[in-house]
Amino acid sequence: MSGEIRSGAHVRPSPPRIRQRTERDLGDCVRILAEVHQRDGYPVNWPDLPGAWLTPSSLIASWVAELEGRPAGHIGLSRSDPADAAPGLWSVRTGRGTDRAAVVNRLFVAPWARGHGIGALLMARAVTEARDLGVHPVLDVLASDTAAAALYERLGWELLATVEQQWGPEQRVAVRCYAAPT
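The following refers to the structure shown. Since we're looking at a predicted model, the values are computed, not measured.

This part covers the sheet that holds strand E6 (residues 158–168). In spatial order, the strands read E1-E2-E3-E4-E5-E7-E6; together these seven strands make up an open sheet with mixed pairing. Single-partner strands in this sheet number two, and they are strand E1 (17–20) and E6. Here the strands of the sheet are splayed against their neighbours by 30° on average, with no regard to which way each runs. Relative to strand E2 (residues 59–67), E1 is paired through four bridges, and the arrangement is antiparallel. When the sheet's bridge partners are listed, isoleucine 18 is paired in E2 with alanine 65. On top of the sheet, helix H5 (residues 146–154) reaches strand E4 (101–109), strand E5 (136–142) and strand E7 (171–179); it is set at about 15° to E7, its chief contact.

Here it is as structure tokens:
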């Protein structure tokens, strides 16, 4: 009977798997990002070149989550940029330079794959990589994105501040800045 599935039996899906993102993953990641943008409005401003948006020049590493063999989520870890608010706030609080912080970014989970802990697994992978590199993970999120903020707080991330940022000539947004627990 090994390997047999009886009618009506429930089969547990295999757990999500986190792995390094490859160039071959970009198309799937852009497709998932488009689904997330359509459903949740993330990113707020759809990039002209979404593949390039997922691969900024500051990128240190990125990962995808797979569920049932399909890409189901994404996260990146980038060097601090002068336009990022969270590294500066963390630097002031700790007395360490912004070069000692890394920004967790480009986190999204496919709508069909939610509820499997993928966001938390991706966050854990990015935090582990940052710590292995000797930098402290920080991030910012739109203040209106309460689901993401709830995830970060559930994972023990510390709110540094809520600040206003200028995202364009006529776009000012409030972002919540977080630092990973020490």
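Here the narrative resumes, following the displayed structure.
Here the focus is unusual backbone geometry. Cis peptide bonds are those with omega within 30 degrees of zero, and the linkage from tyrosine 42 to proline 43 qualifies with -5°. For proline 43, the position within the fold is in the loop between helix H1 (26–40) and helix H2 (50–53). Its identity is not glycine, yet arginine 106 carries a phi of approximately 55°, on the positive side. Relative to the assigned elements, arginine 106 resides in strand E4. Of the residues examined, arginine 106 reaches a relative accessible area of 18% and is grouped as buried.

The space that makes up the largest pocket amounts to roughly 1,400 Å³. Lining the largest pocket are 45 residues, and of these Tyr42, Leu107, Asp140, Val141 and Asp145 lie nearest its centre. Elements represented by at least two residues in the lining of the largest pocket include exactly H1, strand E3 (70–79), E4, helix H4 (118–132), E5, H5 and E6. Taken together, the residues of the lining of the largest pocket break down into 24 nonpolar, twelve polar and nine charged.

We now examine the pairing of E2. A large share of E2 lies buried, amounting to eight of its nine residues. Where E2 meets E3, eight bridges bridge the pair, whose relative direction is antiparallel. Each residue of the ladder has a partner; that of leucine 67, found in E3, is arginine 70. Hairpin remark: E2 followed by E3, antiparallel, with two residues in the connecting loop; positive phi at glutamate 68, about 55°.

Turning our eyes to something else, we now look at H5. Think of an α-helix as turning once every 3.6 residues; residues three or four places apart then point the same way. Residues Ala148, Ala149, Leu151 and Tyr152 constitute the buried set of H5. End-on view of H5: buried residues confined to an arc of 155°, all on one side of the axis. Exposed side chains of H5 directed beyond 90 degrees from the buried face belong to Thr146, Ala147 and Arg154. Elements that come into contact with the buried residues of H5 comprise E4, H4, E5 and E7. Directly beyond the C-terminal end of H5, a positive phi value near 90° is found at glycine 156.

It is worth spelling out the packing of aromatic side chains at this point. Under the defined criterion, the tally for this structure stands at three aromatic pairs. Note on tyrosine 42 and tryptophan 53: the rings are 5.9 Å apart at their centroids and 65° apart in plane angle, and the pair reads as edge-to-face. With tyrosine 42 in the loop between H1 and H2 and tryptophan 53 in helix H2, this residue pair connects regions lying eleven residues apart in the sequence. Relative accessible area serves as the criterion here: at 25%, tyrosine 42 is assigned to the partly exposed category. Ring centres 6.3 Å apart and planes at 45° place the aromatic pair tyrosine 152 and tryptophan 157 in the tilted group. Look at tyrosine 152 and you get buried, because its relative accessible area is 7%. Following the ring pairs from residue to residue traces out a cluster consisting of Tyr152, Trp157 and Tyr178. Its end group placed over the ring of tryptophan 53, arginine 106 keeps NZ or CZ at 4.0 Å from the ring centre.

Cut-offs and rules
Note that residues are indexed from 1 along each chain, following the sequence as it is written. Restriction of local features to residues with pLDDT of at least 70 applies here, the model being predicted, together with a cutoff of 80 or more for giving and counting side-chain atom pairs; totals for whole chains, interfaces and linings are based on all residues. To get the side-chain values, take all heavy atoms of the structure and skip hydrogens and water. Paired strands, as defined in this entry, are two strands with at least two bridges between them according to DSSP. Counting from the N terminus, the helices are the DSSP runs of H or I reaching at least four residues and the strands are the DSSP runs of E reaching at least two. A fitted line through C-alpha atoms represents every axis, and for helices the fit uses only the stretch in contact; the resulting angles, taken between N-to-C directions, go from 0 to 180 degrees. Residue contacts follow a heavy-atom distance rule, with two residues in contact if any of their heavy atoms lie within 4.5 Å. Remark: exposure states derive from per-residue accessible area (1.4 Å probe, protein chains only) relative to the maximum for the residue type, with buried under 20%, exposed over 50%, and partly exposed in between. Cavities and pockets are found on a 1 Å grid laid over the protein atoms alone: a cavity is a set of points where a 1.4 Å probe fits but cannot escape, a pocket is an open set with protein on both sides within 12 Å along at least five of seven lines, and a lining residue has an atom within 4 Å of such a point. Grid points are joined across faces, edges and corners, and a volume is the space filled by probe spheres set on the points. Put simply, Ala, Val, Leu, Ile, Met, Phe, Trp, Tyr, Cys and Pro go in the nonpolar bin, Asp, Glu, Lys and Arg in the charged bin, and everything else, Gly too, in the polar bin. It is the directions from the helix axis to the C-beta atoms whose arc is reported. Only centres within 6.5 Å qualify two rings of Phe, Tyr or Trp (six-membered ring in Trp) as a pair; their planes then separate them into stacked at under 30 degrees, edge-to-face at over 60, and tilted for everything else. A ring is considered to have a charge above it if a Lys NZ or an Arg CZ atom is located within 6 Å of its centre and within 35 degrees of its normal.

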